[in-house]
Every structure is written in C-alpha cells, then in structure tokens.
Amino acid sequence: MKPSESVIYLDYNATTPVDERVLETMLPFLREKFGNAASRTHAYGWEAERAVDEGRRQVARLIGARPAEIVWTSGATESTNLALKGLVEGRSSRRNRIVSVSTEHKATIDTLKHLGKLGLEVLTLPVGEDGLLDLDRLREAVDDQTLVVSVMQVNNETGVIQDVAAIGAICRERGAFFHCDAAQSFGKLPIDVEAMKIDLMSFSGHKIYAPKGVGALYVRSRDPKPRIVEQINGGGHEGGRRSGTLAVPLIVALGAAAELAGKEMANEDQRIHALRDRLLDGLRARLPELEVNGSMTRRIANNLNVSVPGIESEALLMALPRLAISTGSACNSTEVSASYVLRAMGLTEKRGLAALRFGIGRYSHESEIDEAVSMVAEAVAALRAVNRRN
Ligand SMILES: *Cc1c(COP(=O)(O)O)cnc(C)c1O
C-alpha cells in the first residue's frame, strides 16, 4: 500500500506500510485457509503448517540460518524479551553479567532494567559522538562471568551500523552469547548469523513491509547453543520456546516480506542511498549550518538524522502537518527532552532538541524528497522570522 499522497511519509524507521504483494500472499490465510497450524488431524491444519514452514524457510534463508532456528513472536520487542529473559532463566553457569550499549532500543534497555532488578549485573557501554561502540571497551567489559552481550546492528534513530561481526567474534572468544537486535537491518543489510557469530537475533515484521504484530527470534541450534526458557507458557508451541496458536496470516506475510527484501536488497539499497544523498545535499544547500547526527559513513542507506541549529524540531514539525518525519525526542507530560540516543552520543540538549529523523523507504520518490527539503527549509525560515520578532 503506497502511503497517501497528501502527506509525505518519510518515517520508514518507525514503521512501513504493508507491501501490496505481501498483502496478497497473506489474504487467503485470513479467508479460506484459516486452519490452525497445530491441528494435526485434517487438511486445514496441514495447509497452515505448510505455510508456517515456508515462512520459516524464507526468514531463515535471509540470514543464513536453519528453519528450525526461527521462533515466531509478536515482534522485535517480544523477541528481545524472550532472548534475554529466556537466556537468564535457562542459564546453567554462574555467569551473571550482561553487557549492552547506551543507545539500544527501549525493548532492550527496559528488559535489562528488569533483569538488573532481579540481580543480574548489567553493564551499559557508552558510544562515541559518531554513535559507534568502542570495541576495545567491549573487549574489557566481556569477561568469563558474562552471560550475554546485546548490541543492535542498526540504530533506529541514527541508522548507525555497529560492527556486528567484530562483536560476535569477541563474544565467541569469551564464551558469552551474542544477542543482536536486527529490527532495522533485517532485509536491508546482508546478514549471515554464522559468519557474524550471532547466537540470538530479533526481527520485526512491520519494519520490512509486513504487518504489525509479528516478528521472529533466531536461536542458534548449533554449538554454542543458547538455552532459552519460554516466557509465554501454554502448550509448548515452537519447540517449547514460545506458546500460543501461531498467527498464520502474519507469519506468511513476514516470510513473503523477507523473501522480497532479499531479492530487492541490492537495488533498493542503491536507490535509497541516492535518495538519501539527494535529501542531505538538498537540505545542506538550503540550510548550510545543518549538522548530521551520527556517523555518515557507517550508516544504513535509509536514515538521515540532522539538527538545524537554533530550531526546536517539535515546533518545526508542528508547522509541517504534511510531512511525516520524526524528532527523536521524548515527551513526558510537561517537558520535551532530547532523545536519550543523541544524549548518549554526547550531543548537547539543544542539538538533541533540534534533531529531525528522516526514514526513506520502498515508496519514496525524488519528488517527495525535493518537496520535503522545501517544506523543511521554508518552515525553518518562518520559525526564525518569528524567533527574531520575539
Ligand atoms: C521497531 C524496533 C523494535 C521493536 O519492534 P516491534 O516489532 O515494534 O516490537 C526494536 N528494536 C528496534 C531497533 C526497532 O527499530
């Protein structure tokens, strides 16, 4: 489904529309093919089970995993909860330390906060101004008491890409498991769980043109094999790793979306990269004082995070109802504060409050990029005129 024409959608890091081809693939499973994949006694069940198995193959293929290593969940948040809590509950050794990074998604941060309350030692490493984790600090932090290291591949606010293969190598060397949140990279960057030494990996459907409410967790089945205890009990589905009747239509959709993403990855990456360059060049031409937040070289093609000095992005977006982008700041009831991700990178509160996140995607076009540039530049000029008068 293309986003509507009246509002320019450039928030693909927040969510994506469902691809028409994905929707077509899942519809029969909402209509006549409605069987329960756990029904072993008739054709409806067998048909559903076959579809789920195909989805498993499609997701596994995209990351170099085996189908049996894929566990269906409701999304990357649940996958991350299952990976980290399941691992802690299932550990046989005395390893009590979890190492992570200050710029992780809340799915990880809040799960680790919870585990910290249960007595786990949670070590959160800082990042540099470029958003990158210092691998020497990681080497120091991961000791023989470390159960798991959790680092995302691509940050959802800045698009910064961590060196997952290097992190995996450090973990494997120290006997710690490696969980990677791949919600922003799955289907956009090549992933090979074997080469990258990843033991657990979280995915989300709605970041890759499948519906919301479905995701997956990769759980390595070869040695070293993480033992995860299921966090949702009730029937022992998914090999005892996650109970509950499988969401067959959503799983079919995620499988189809993964296959499409794999087929189109190289072309899409190039096309979207060119659009991002056009966006940055266009913005810089109109707003030369623009500052880019996070590494520009180690960044996924579809993301641009910039600050316009002297501007509050909340106010700016209020003036731009026809542009769907995000500020990255967090509102509580009374105050707006800069995003914790940008603050963790050492950016000032002021620069954080001026941040704009653009996410480019499958349906983005040059004309939309150009229009977005004009809209932002004009709104900045208008805001500055108001600020001068006050
Ligand atoms: C979107 C996202 C999540 C959460 O995924 P859901 O499927 O919405 O639960 C986790 N991590 C990152 C990096 C994300 O971008």
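Residues numbered from 1 in each chain as written. Predicted model: local features only at pLDDT ≥ 70, side-chain atom pairs only at ≥ 80, totals over all residues. Heavy atoms only, no water.

Attention now goes to the packing of aromatic side chains. The final tally for this structure, using the stated rule, is five aromatic pairs. Considering the side-chain rings of Y9 and Y12, the 5.1 Å spacing of their centres and the 75 degrees angle between planes classify their relative orientation as edge-to-face. Accessibility classification places Y9 together with Y12 in one group, the buried group. Judged by centre distance (6.2 Å) and plane angle (45 degrees), the ring pair of Y12 and Y209 falls under tilted. Residue Y12 is located in the loop between β1 (8–9) and α1 (20–26), and its partner Y209 is located in the loop between β7 (200–204) and β8 (215–219); the two are separated by 197 residues in the primary sequence. Under the relative-accessibility criterion, Y209 is labelled buried at 7%. Ring pairs connect the aromatic residues Y9, Y12, Y209 and Y363, which therefore count as one cluster. One cation-aromatic arrangement involves K106 over Y340; the distance from NZ or CZ to the ring centre is 4.4 Å. Stacked on the ring of Y209, the Lys or Arg R362 has its end atom at 4.0 Å from the ring centre. (Phe/Tyr/Trp six-rings, centres within 6.5 Å; stacked < 30°, edge-to-face > 60°. Buried < 20%, exposed > 50% of the residue type's maximum accessible area, 1.4 Å probe, protein only. Helix = DSSP H or I, 4+ residues; strand = E, 2+ residues; numbered from the N terminus. Lys NZ or Arg CZ within 6 Å of the ring centre and 35° of its normal.)

What follows concerns the environment of C180. Here C180 lies in strand β6 (residues 177–181). A C-alpha to C-alpha distance of 31 Å links C180 and I369, two positions 189 residues apart in sequence. Contacts of C180, omitting those with residues within four sequence positions, involve V151, M152, Q153, V164, I198, L200, M201 and S202. (Contact = heavy atoms within 4.5 Å.)

All right, on to the environment of P226 then. With respect to the helices, strands and loops of the structure, P226 is situated in the loop between β8 and α7 (237–240). Through-space distance from the C-alpha of P226 to that of I167 is 17 Å; in sequence the pair is 59 residues apart. The contacts of P226, once residues within four sequence positions are left out, are L87, F177, D199, L200, V219 and R220.

Quick look at the domain arrangement of the protein chain now. Structurally, the protein chain comprises domain 1 (8–15 + 264–389) and domain 2 (20–259). Each of domain 1 and domain 2 has a C-alpha centre, and these two points are 29 Å apart. Taken residue by residue, the interface counts 29 residues in domain 1 and 35 residues in domain 2. Between domain 1 and domain 2 lies a buried interface of about 2,600 Å² when both sides are counted; carbon and sulfur atoms form 52% of it. Counting every contact that joins domain 1 to domain 2 gives two salt bridges. At the boundary of domain 1 and domain 2, one finds 15 residue pairs in polar contact (both at pLDDT 80 or more). Looking at the side of domain 1 that touches domain 2, the elements with two or more residues in it are α8 (248–286), β10 (303–307) and α10 (340–344). Here the residues of the side of domain 1 that touches domain 2 sort into 11 nonpolar, 11 polar and seven charged. (Domains from an automatic or database assignment. Buried area = accessible area lost by both parts, 1.4 Å probe. Salt bridge = Lys/Arg side-chain N within 4 Å of Asp/Glu carboxyl O. Polar contact = N/O pair within 3.5 Å; in protein donor to acceptor, adjacent residues only side chain to side chain. Nonpolar A, V, L, I, M, F, W, Y, C, P; charged D, E, K, R; others polar.)

Per the counting criterion, the structure on display carries two cavities of 30 Å³ or more. The space that makes up the largest cavity amounts to roughly 200 Å³. Around the largest cavity, the lining comprises 16 residues; the ones closest to its centre are G187, K188, E268, D269 and I272. A breakdown of the residues in the lining of the largest cavity according to their chemical character gives eight nonpolar, three polar and five charged. The space that makes up the second largest cavity amounts to roughly 40 Å³. Looking at the second largest cavity, the residues that line it are T103, G131, N155, T158, V160, Q162, V341 and M345. Here the lining of the second largest cavity is built from residues that sort into three nonpolar, five polar and no charged. (1 Å grid on protein atoms, 1.4 Å probe; cavity = no way out; pocket = protein on both sides within 12 Å on 5 of 7 lines; lining within 4 Å. Points joined across faces, edges and corners; volume = space filled by probe spheres on them.)

Moving on to the sheet that holds β10. Across the sheet, which stays open at both edges, the three strands sit in the order β9-β10-β14 with antiparallel pairing between neighbours. On the outer flanks of this sheet lie β9 (291–292) and β14 (355–359), each paired with one strand and no other. Here β10 pairs with β14 via five bridges, running antiparallel. Bridging across to β14, N303 finds its partner in G359. Across the sheet, α8 is in contact with β9, β10 and β14; its angle to β10 comes to roughly 15 degrees. (Pairing = 2+ DSSP bridges. Axes fitted to C-alpha atoms, helices over the stretch in contact; angles between N-to-C directions.)

This part is about the packing of helix α2 (residues 43–63) against α8. If you want to describe how two helices pack, look at the angle between their axes and the distance between the axes. Remark: α2 packs on α8, axes separated minimally by 8 Å, with the N-to-C direction vectors making an angle of 30 degrees. Here α2 lies roughly parallel to α8, going by the angle between them. You can see that α2 and α8 cross each other, and the crossing is left-handed. Residues A48, A51, V52, E54, G55, Q58, V59, R61 and L62 of α2 form the contact with α8, whose own contacting residues are V248, I251, V252, L254, G255, A256, A258, E259, G262 and M265. Looking at side-chain class alone, the contact of α2 with α8 contains 12 nonpolar, four polar and three charged residues. (Parallel < 35°, antiparallel > 145°, perpendicular 65-115°, else oblique. Left-handed = near helix turned anticlockwise from the far one by under 90°.)

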